[in-house]
Amino acid sequence: MEDLGSVAWPPEPIRTERLVLREAEARDRAGFIELLASPEVHTYLGGPRPRHALERELSGVPERWPGSFVVDLDGSMIGQILLRRTTGHSRPAAAGKADLGYLFLPRAWGFGYAAEACAAALGWLAGALPGESVMLTTQTANVGSMRLAAKLGFTEVEPFEAWGAEQWLGMRSPVTPSG
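Undergrad: I would appreciate a short explanation of the nonpolar core in the present structure.
TA: As a rule of thumb, soluble globular proteins bury nonpolar side chains together. In terms of nonpolar packing, the biggest core is built from 34 residues, with I81, L100, W124 and F154 touching the most fellow members. Contributing elements (two or more residues each) for this core: β3 (68-73), β4 (76-85), β5 (98-104), α3 (113-128), β6 (134-139) and α4 (143-151). Per-element accounting of this core gives the leading share, nine residues, to α3. Apart from the residues lying within four places of it in its own chain, the contact partners of F154 are L100, L122, V134, M135, L136, A149, W168, G170, M171 and R172. Counting 13 residues, the second largest nonpolar core, distinct from the first, contains V41, L54, V70 and L103.

Next up, the structure:
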């Protein structure tokens, strides 16, 4: 994965009705450790990372790179939105496209925060890189992620097998201004 190229980073914080998408800060370190060590979060992502390894490896301001947004609710990190360019994707249809990823703490599930945050990030990307298609990959067994992909306007390009499970590749066509 690579960053998004010529996009100015970091952008101003993106505000939605309930959330703020912003660059990571030192105060988010504990949230990242919780997110990356959570067995629930990583059910469909190959399993959690060991907490002791994360404590040792994560710097004072973790995950601070272009395309990585902290999702903030009332001053606390509840998740992360990732926008990157795919380079080594196993599916030719995805190569070189922008890729949307998201992780949310279990306590934030079921409130619509993921849909709200992802829609805001996609809106930002549409302004920063007009005409850019976006892809999303998830396991077909991840019902919540499949629902979110549909809600965000992703349509199936192809299913495929990887990491011992059926995967789903979806694309979201660029938003075109109505004229």
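Undergrad: Can you walk me through unusual backbone geometry in this structure?
TA: If a residue is not glycine, its phi is most likely negative; likewise, a peptide bond is most likely trans. A cis amide bond, omega -5 degrees, links W9 with the succeeding residue P10. Here P10 is to be found in the segment before β1 (14-15). The backbone of D74 sits at a positive phi, close to 55 degrees, despite the residue not being glycine. Among the secondary structure elements, D74 is positioned in the loop between β3 and β4.

Undergrad: Even after reading the chapter, I still don't get the pattern of salt bridges, so can you show me in this structure?
TA: When charged atoms on two side chains of opposite charge get close, those side chains can pair. Per the stated rule, a full pass over the model turns up eleven salt bridges. The shortest N-O distance in the salt bridge between E25 and R27 comes to 2.5 Å. In this structure R27 comes out as partly exposed when scored by relative accessible area, which is 47%. Between R107 and E34 there is a salt bridge, with its nearest N and O atoms 2.8 Å apart. Of the two residues, R107 sits in the loop between β5 and α3 while E34 sits in helix α1 (residues 29-37), which places them 73 residues apart along the sequence. Exposure remark for R107: the relative accessible area of 51% places this residue in the exposed category.

Undergrad: Mind showing me how you'd approach the pairing of β3 here?
TA: It is a general feature of regular strands that their side chains alternate between the two faces of the sheet. With six of six residues buried, β3 lies mostly within the body of the structure. Side-chain alternation along β3 places S68, V70 and D72 on one buried face and F69, V71 and L73 on a second face that is also buried. As paired elements, β3 and β4 share six bridges and run antiparallel to each other. Counted as the bridge partner of S68 is L82 from β4. Remark: two residues form the turn of the hairpin made by β3 and β4, two consecutive strands paired antiparallel; D74 in that turn has positive phi of roughly 55 degrees.

Undergrad: When you look at the sheet that holds β1 in this model, what are you seeing that I'm missing?
TA: Sheet strands pair via backbone hydrogen bonds, and the direction of the pair is either parallel or antiparallel. Spatial strand order, β1-β2-β3-β4-β5-β6-β8-β7: eight strands in an open sheet with mixed pairing. For this open sheet the edge positions go to β1 and β7 (155-162), each flanked by a neighbour on one side alone. As paired strands, β5 and β6 are joined by two bridges and run parallel to one another. When the sheet's bridge partners are listed, D99 is paired in β6 with M135. Docked against the sheet, α1 engages β3, β4 and β5, running at close to 70 degrees with respect to β4.

Undergrad: Explain α1 here, please?
TA: Since the α-helix advances by 3.6 residues per turn, residues separated by three or four positions end up pointing in the same direction. Those residues of α1 that fall on the buried side of the exposure criterion are G31, F32, I33, L35, L36 and A37. Buried-residue contacts for α1 involve α2 (51-57), β3, β4 and β5.

Undergrad: Where do I start with the pairing of β4 in this structure?
TA: Where burial is concerned, most of β4 is hidden: eight out of the ten residues are buried. Pairing of β4 with β5, which is carried by seven bridges, proceeds in the antiparallel orientation. The residue bridging Q80 from the neighbouring strand is L103, located in β5.

Undergrad: Please explain the environment of G31 as it appears in this structure.
TA: Looking at the secondary structure, you find G31 in helix α1. In this structure G31 comes out as buried when scored by relative accessible area, which is 11%. As for G31 and L105, which are separated by 74 residues in sequence, their C-alpha atoms are 8.5 Å apart. Excluding residues that lie within four positions of it along the chain, G31 makes contacts with M77 and L105.

The rules behind the values
- Residues numbered from 1 in each chain as written.
- Predicted model: local features only at pLDDT ≥ 70, side-chain atom pairs only at ≥ 80, totals over all residues.
- Heavy atoms only, no water.
- Core = buried A, V, L, I, M, F, W, Y, C linked by side-chain atoms within 4.5 Å.
- Buried < 20%, exposed > 50% of the residue type's maximum accessible area, 1.4 Å probe, protein only.
- Helix = DSSP H or I, 4+ residues; strand = E, 2+ residues; numbered from the N terminus.
- Contact = heavy atoms within 4.5 Å.
- Salt bridge = Lys/Arg side-chain N within 4 Å of Asp/Glu carboxyl O.
- Pairing = 2+ DSSP bridges.
- Axes fitted to C-alpha atoms, helices over the stretch in contact; angles between N-to-C directions.

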